[in-house]
Amino acid sequence: MQIRRVDLADDEQYAAFHAVYARSHAEPFDEPWGFAEKRTNLTSDPYAEHVVLAGVVDDEVVGGAWVSFPQQDNRTLAYLHVFVDPERRRAGLGSALLRAVEERARAEGRVNAFAEASWSVHDEAGAGSVFAALHGYRVDLLDAIRELRLPAAPPQAPWRDGYTAVAWRHCPEEWVDQYAVLRALILAEAPSGDVGIGPEHFDAARVRHEEARWLEQGRVGQTVAAVAPDGTLAGHTQLVVPDHGETAYQWDTLVLPAHRGHGLGLAMKVAALHEAADLLQGRTRVTTWNAASNTPMIAVNEAIGYRQVAWAAELVKGLGG
């Protein structure tokens, strides 16, 4: 097998790469990103550099990989992903691609490599997690994947204690600086593993950059934020809907520590489902990830009607030596 770097600007190269990527993600809880969605995601920007590789046998793409390098935060980390055409597995192709992206990460001076593997709740483990363990990766954090079947009838979740809601699909200028602070805190406030991932660099410019990237990807993001009695933002939640497939995604939810205990997580998530009703037409599920240890947020999700369908392991490997 030859390993070649993919030129994302070359339609033919990228189409062959994406076709194999899509075939390799067949589970309903692991729906592949769309053609434009993944292409934009892998295009380097001020916040992350990406190296994208294809494994080629007899001029046919049989697998692929990418490794991503944060540029303005967490600069000791690399995030990588490897996939192989289902008909070509167990022939050493994935191992070769994994070595290639790990070598790229070492060359960049990265200390730890992070990957993810998911599997159904009906299985004891997934092929991806077994593969990773054989190559020296360990579980740093275990996540539970839950889905809300649509149409849904979420519970009543009235706003109380003087808190109110504000909703948007493009962040209003009056909120953008405070919203950037919330976005920066999500990694620090959410449960994390032993390695520790620091806060992301987020400012108003990055909020606008993200909105522009979502437009390129064909995504619409529905945000609901909680406004405290003093007029400041107390938390937020994101519901993201791509322009393809059957799935919408419940992404970040954060309530600042000083504002917990007022039912804001439930109120924001229920409000987001109502605000995004037009976007959810024709979708069959909303999928969300939570650390298995995050019992308060899991309780909120289960109150709304989410049920677990899979596990996801956040995997780490030290790259020294």
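One can find the structure itself at the top, above this paragraph.
A few points on the structure. (Residues numbered from 1 in each chain as written. Predicted model: local features only at pLDDT ≥ 70, side-chain atom pairs only at ≥ 80, totals over all residues. Heavy atoms only, no water.)

**Observations regarding empty space enclosed by the protein**
Consideration 1: In the structure shown here, the tally under the stated rule is one cavity of 30 Å³ or more.
Consideration 2: Roughly 60 Å³ of internal volume is contained in the largest cavity.
Consideration 3: Forming the walls of the largest cavity are Trp168, Arg169, Tyr179, Val207, Glu210, Glu211, Trp214, Gly221, Thr223 and Gln238.
Consideration 4: Looking at the lining of the largest cavity, the elements that each hand over two or more residues are helix 6 (204–217) and strand 8 (220–227).
Consideration 5: Here the lining of the largest cavity gets four residues from one element, more than from any other, and that element is helix 6.
Consideration 6: Looking at the lining of the largest cavity residue by residue, the class counts come to four nonpolar, three polar and three charged. (1 Å grid on protein atoms, 1.4 Å probe; cavity = no way out; pocket = protein on both sides within 12 Å on 5 of 7 lines; lining within 4 Å. Points joined across faces, edges and corners; volume = space filled by probe spheres on them. Helix = DSSP H or I, 4+ residues; strand = E, 2+ residues; numbered from the N terminus. Nonpolar A, V, L, I, M, F, W, Y, C, P; charged D, E, K, R; others polar.)

**With respect to the pattern of salt bridges**
Consideration 1: Under the definition given, this model contains 21 salt bridges.
Consideration 2: A salt bridge links Glu147 to Arg149; its shortest N-O distance comes to 3.0 Å.
Consideration 3: Taking the relative accessible area as the measure of exposure, Glu147 reaches 12% and is therefore buried.
Consideration 4: Among the ionic contacts, a cluster of salt bridges with common partners joins Glu31, Glu147, Arg149, Glu246 and Arg285. (Salt bridge = Lys/Arg side-chain N within 4 Å of Asp/Glu carboxyl O. Buried < 20%, exposed > 50% of the residue type's maximum accessible area, 1.4 Å probe, protein only.)

**Notes on helix 2 (residues 35–42)**
Consideration 1: Within the sequence span of helix 2, burial applies to Glu37, Lys38, Arg39, Thr40 and Leu42.
Consideration 2: Buried residues belonging to helix 2 abut helix 1 (11–23), strand 2 (48–57), strand 3 (60–70) and helix 6. (Contact = heavy atoms within 4.5 Å.)

**Some words on unusual backbone geometry**
Consideration 1: For the peptide bond that leads from Leu150 to Pro151, omega is 0°, which places it in the cis range.
Consideration 2: The residue Pro151 is located in the loop between strand 6 (138–149) and strand 7 (164–168) in this model.
Consideration 3: Residue Asn74 is not a glycine yet carries a positive backbone phi of 45°.
Consideration 4: Inspection of the secondary structure assignment puts Asn74 in the loop between strand 3 and strand 4 (77–84).
Consideration 5: A relative accessible area of 15% means that Asn74 is categorised as buried.
Consideration 6: Despite not being glycine, Asp161 shows a phi value in the positive range, around 60°.
Consideration 7: Tracing the chain through its elements places Asp161 in the loop between strand 6 and strand 7.

**Things to note about the packing of aromatic side chains**
Consideration 1: This model, assessed by the stated rule, comprises eleven aromatic pairs.
Consideration 2: Measuring from ring centre to ring centre gives 6.0 Å for Trp214 and Trp251, while their planes differ by 65°; the resulting arrangement is edge-to-face. Of this pair, Trp214 sits in helix 6 while Trp251 sits in strand 10 (residues 247–255), and the two are 37 residues apart along the sequence.
Consideration 3: Classification of Trp214 as buried rests on a relative accessible area of 10%.
Consideration 4: Members of the aromatic cluster, connected to one another through ring pairs, are Tyr14, Phe17, Tyr21, Phe35, Trp66 and Phe83.
Consideration 5: Its end group placed over the ring of Trp33, Lys38 keeps NZ or CZ at 3.9 Å from the ring centre. (Phe/Tyr/Trp six-rings, centres within 6.5 Å; stacked < 30°, edge-to-face > 60°. Lys NZ or Arg CZ within 6 Å of the ring centre and 35° of its normal.)

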